[in-house]
Amino acid sequence: MRAALGALLSHWRRHPLQALTLIVGLALATGLWTGVQAINAQARTSYDWAAAQLGQDSLERIVHPGRDLALADFAAFRRAGWPVTPVLEGRVRGTRVIGIDPFTAPPGEGVPDLSGADDLTAFLTGELAFGGAGAALPIAVRRLDGVAPGTAVADIAAVQRLLGTARIDRLLLLPGVEGDPASVVPGTAREAPPAEGDLDRLTDSFHLNLTAFGLLAFAVGLFIVNAAIGLAFEQRRPLFRTLRAIGLSARALTALLAGELLILTLVAGLIGCALGYLVAAALLPGVAATLGGLYGAPVDGGLTLAPAWWLTGLGMAVAGAALAGGQSLWQLARLPVLAPAMPRAWARARAATLRRQGAGGVALLAAAALLGAFGQGLGAGFALLGALLLGAALLLPPLLVAALDGLSRLVRGPVAEWMVADARQQVPGLSLALMALLLALAANVGVGTMVGSFRETFTGWLDQRLAAQLYVTGADEAQAREIAAFVGDRADVLPIVSVQTDVAGAPGELFGQPDHPIFRDEWPLLDAVAAPWDRLHAGEGALLNEQTARRMDLWAGDAVDLGGTAWEVLGVYSDYGNPRGQAILGLGAFDAAYPEADRRRLALVTGDAALRDDLEARFGLPPDRLVDQAGIKRFSLDVFEQTFAVTRALNVLTLGVAGFALWASLTTLGTMRLPQVAPVWALGLTRRAIALSDLARATLLAALTAALAVPVGLALAWVLLAVVNVAAFGWRLPMLVYPGQWLELALWALLAAALAALVPAWRLWRMAPARLVGVFAGER
Amino acid sequence: MLRVRDLTKAFDTADGPLPVLRGVSLDLAPGETLALTGESGSGKSTLLYLVAGLDAPSSGTIEIGGRALSEMDDAARARLRRAEVGLVFQQFNLIPSLDVAANLAFHARLKGGTPDVAPMAERLGLAEHLSRYPEQLSGGQQQRVAVGRTLIARPRLILADEPTGNLDEATGDAVLDLLREAAEGTGAALMMVTHSERLAGRLSRRLHLRGGVLA
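Values in this document were obtained by computation on a predicted structure and should not be read as measured data. (Residues numbered from 1 in each chain as written. Chains lettered and ligands numbered in written order. Predicted model: local features only at pLDDT ≥ 70, side-chain atom pairs only at ≥ 80, totals over all residues.)

1. Considering the sheet that holds strand β6 (residues 140–143) of chain A
All names here are of chain A.
Next, step 1: Strand order in the open sheet formed by eight strands is β6-β5-β7-β4-β3-β9-β1-β10, and the pairing between neighbours is mixed. On the outer flanks of this sheet lie β6 and β10 (189–191), each paired with one strand and no other. Sheet twist, expressed as the mean angle between neighbouring strand axes with direction ignored, is 35°.
Next, step 2: Pairing of strand β3 (residues 84–92) with strand β9 (residues 170–173), which is carried by four bridges, proceeds in the antiparallel orientation. Bridging across to β9, Val84 finds its partner in Leu173.
Next, step 3: Relative to the sheet, helix α3 (residues 71–79) contacts β3 and β9, its axis offset from that of β3 by approximately 160°. (Pairing = 2+ DSSP bridges. Helix = DSSP H or I, 4+ residues; strand = E, 2+ residues; numbered from the N terminus. Axes fitted to C-alpha atoms, helices over the stretch in contact; angles between N-to-C directions. Contact = placed C-beta atoms within 7 Å.)

Right, dumping it as structure tokens:
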């Protein structure tokens, strides 16, 4: 056995590149997958921590569906003997700030110990807050281990001042109290603690996207591993036959090879885990910024490594290697002792294999079509993506062979004909690498189209939504009135009023909108009754945002429940970037329903460039309460760019993995195909001409793959925009195409293929004639 | 047609240069057929490959049609092989990506010709296999394709390295007949490496290599 193992392992000593390919392929696959998983795990840990602050994940709440709660309500409940504590949350300078009442807050995570000499006074006067890592406020923040990163806890009155509000978000109810809160404060109700953290719910789709990309990268990596294992097995078939012939049983041989694979896998898995850590550490700050900007989710930018993470990474590496090498091991176990020993990796070119691949590809694409037509939800969306990509990958070799067959009828001259025929014969040997390239290119086209469509639509939509030039928030309603009076006829003053309330049964926000041409002219409605704006301002109904309309299947003419009152849906508007439900009433109807709503915010439609400075000078408004349109747009676009930065990074990494796969396959096949090029050389073609034709062949195959990747990428973009995004975010974007981008990507693919083929071609060009002559002497 | 003088060849090994040919000289006239025999490792195949310009000698000269290979660069030697030399190998060495018809025509087309392969295919008994690929043929059929490829190209010098080594006696005889006919019919010179005394006896001349020297 030991001798047999030595003979088997000697293969890797003679073919170090193959060993490198296998290890690097598996390490890349494991690394990208575990990196993404580490990011997701880190983010989820942060969410859970944030949700658990003050026990908010387990305590019942008292809410008022019709209006904001105030400290007066808190006082009323306390006087009635209800053990409640108030909470107000918001964001200040990027820090999530939680306002609490230190005397009634339940002891536990995030509640500071105020027994120090001056701590209580400083806390109550709003001079001191307690925060987790990275928390920063305009007041002193002392580090407290129990507080989540990017989060600070301060006295509720101080937080009201910081946020410029008099409301509180909710009252937490300590356990053991029965009864109806409406008997204390009319209109209030008990609400169970959220079954799933809000942040978990809101960010699920984001993490699912990351997971999908991690899986794609893993799959691309496995293509490399499969190719490397397949080649190593093919090349050792004569050795296997010899070992079997001298008495090694098929079972023992299979066990030895499985053991060998396991050793290589563990090495690759450890490298992959380290690589995954580096990927996660590099991408996590961007992800944290995205999640903070888009969802207000606090995520620690530093990475914590758990032992389970390493074990999971190694487990994935072993599972991946088993998946990639299983077929070869299975074939080996069933190999007859006298099976043909010719090492011919391209023997897979058999028409039957191509037919099977083609049939599998067609079946998967048919399944994708069915899922597209009848599937529902995010799960179906990702199943559709998987079927589409795998189906396209399986169809690639037969389509390439068909394209090369067509091309062979067009080309003239023996060398060109040989080159095309040779390319056709190389397809099976290169098919896995080309499949990986197809997937990477299609993902790039698809994601590029999605991001481009998103950016263009989002920018246009921002221009419509942010039609006013200035957005002002008064310190209180009196100041807001004073500002309106000061502005006079220098601007149209439009109040911005809203309340947090249930929108179609889920927590959301309800706005009151004044009648102004900027809304009537600039807001396109996706669906509307006749004369929606007239009817809105006549108080006959409400407008609903797209995500609520899609989620609840409520469209123009349907009835929607807004804070306990039924309204007719007059229209549906786009509301990109907002994960929550939202609705709009005419200002008159809103005022009547919510007379106590906060009225400090104003939008100013003006052409007066000096107004901003005048307001600043007159009222001393801080930057966060006097915001111009450009500032909001800049912030929104920043959030947008960050959102897709991680996706783009994974995209580039996936393309890199595919490029590596191509290089590894071409280099390995470069040695194996000497018997094919040596006769051509002997018949009078120079090594230079053959090397150049090898370069051309690789470029040709990459060009054909890139051409096939474009329609696959567009289908992918359609699935992302029309299925996955709708299910994940609740809005649907128009699909815009960018042929220039495809051309650029195709050129990159050609360059990558040419670079991948450069080293093998160079080696062929400079190869000693004696090596080529060796082919004729049967020295292979 | 072929003039070889004082040819030596040594291969670099870990233990220093290993001499394989030690001063070989020979001439071959048009239409002449020469059998080169010798033990394994005597340098027969090496001599053949040097003559074909596939490898460079350590010293000595080779002239084909009056042109010295040593004065040619890689591209010129490739052009010479294309135009003047036909090679037949023991391992057949057909081009696996091309079908039989394309393999038969390949060398002649490289020379710039537009050959009609049908008569040769008929003569070689390959007419029904023209659209097949090499891996679908038997060893004898593959060698007939290799010989046919050379005959269609009509080279002035045919170099054959154990062309019958992988064939049974009857098929080997048939292949040798073809090569002899080609030499006699076109005036080409034929140099064939073989282990077989019987086949060597069927050619017009015979040389024996022993330890890198003509005996």
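2. What about the interface of chain B and chain A?
Next, step 1: Tallying the contact residues gives 25 residues for chain B and 23 residues for chain A.
Next, step 2: For the side of chain B that touches chain A, the elements supplying multiple residues, two or more each, are α1 (44–51), α2 (74–84) and α3 (100–110) of chain B.
Next, step 3: Classifying every residue of the side of chain B that touches chain A by side-chain character gives 13 nonpolar, five polar and seven charged. (Nonpolar A, V, L, I, M, F, W, Y, C, P; charged D, E, K, R; others polar.)

3. Considering the pairing of strand β13 (residues 506–513) of chain A
Put simply, side chains in a regular strand alternate between the two faces of the sheet.
Residues and elements named next belong to chain A.
Next, step 1: Pairing analysis gives seven bridges linking strand β12 (residues 492–503) to β13, with the strands arranged antiparallel. Residue pairing in the sheet places Ser498 in a bridge with Phe511 of β13.
Next, step 2: Between the end of β12 and the start of β13, which pair antiparallel, lie two residues, with Ala504 showing a positive phi angle near 55°.
Next, step 3: Across six bridges, β13 lies against strand β18 (residues 581–586) in parallel orientation. Bridge pairing in β18 links Gly512 to Leu585.

4. Notes on helix α12 (residues 414–465) of chain A
Next, step 1: With 52 residues, α12 of chain A extends just 64 Å between its outermost C-alpha atoms, more than 12% less than the 76 Å of an ideal straight helix rising 1.5 Å per residue.
Next, step 2: Burial analysis of α12 of chain A places 40 of its 52 residues in the buried class, which makes it a mostly covered element. (Expected span 1.5 Å × (residues − 1). Buried ≥ 20, exposed ≤ 12 C-beta atoms within 10 Å, placed from the backbone.)

5. A short note on the sheet that holds strand β1 (residues 2–13) of chain B
Residue and element names in this part refer to chain B.
Next, step 1: On the basis of which strands lie adjacent, the open sheet formed by four strands has the order β2-β1-β4-β5 and antiparallel pairing. Each having just a single partner strand, β2 (16–28) and β5 (67–68) make up the two edges of the open sheet.
Next, step 2: Inspection of the sheet shows β1 paired to β2 by ten bridges, in the antiparallel sense. The partner of Leu2 across the bridge, within β2, is Leu28.
Next, step 3: Contacts from α1 reach β1, β2 and β4 (59–64) within the one sheet, and its direction differs from that of β1 by about 115°.

6. Some remarks on the confidence of the model for chain A
Next, step 1: Residues with a pLDDT of 70 or more make up 88% of chain A, whose mean pLDDT is 81.
Next, step 2: Taken as a whole, residues 340–349 of chain A scores under 50 in pLDDT and shows 21 contacts with residues more than four places along the chain or in a different chain. (pLDDT = per-residue confidence, 0-100.)

7. Regarding the nonpolar core
All names here are of chain A.
Next, step 1: With 217 residues, the main nonpolar core has Ala436, Leu438 and Leu439 as its most contacted residues.
Next, step 2: Among the elements that line this core, the one with the most residues is α12, at 25 residues.
Next, step 3: Each of domain 1 (1–53 + 211–339) and domain 3 (344–378 + 392–466 + 633–780) gives at least three residues to this core.
Next, step 4: The residues contacting Leu439, other than those within four sequence positions of it, are Leu216, Ala219, Val220, Leu389 and Ala393.
Next, step 5: Membership of the second largest hydrophobic core comes to 34 residues, among which are Val84, Val87, Ile100 and Ala105. (Core = buried A, V, L, I, M, F, W, Y, C linked by C-beta atoms within 7 Å. Domains from an automatic or database assignment.)

8. Re the packing of helix α5 (residues 139–153) of chain B against helix α6 (residues 169–186) of chain B
Residue and element names in this part refer to chain B.
Next, step 1: As a packed pair, α5 and α6 sit with axes 10 Å apart at the nearest point and diverge in direction by 5°. Judged by the angle between their axes, α5 and α6 are roughly parallel. Contacts from Gly140, Gln143, Arg144, Val147 and Leu151 in α5 reach Thr171, Val175, Leu178, Leu179 and Ala182 in α6.
Next, step 2: Along the lines of polarity and charge, the residues of the contact of α5 with α6 split into six nonpolar, three polar and one charged. (Parallel < 35°, antiparallel > 145°, perpendicular 65-115°, else oblique.)

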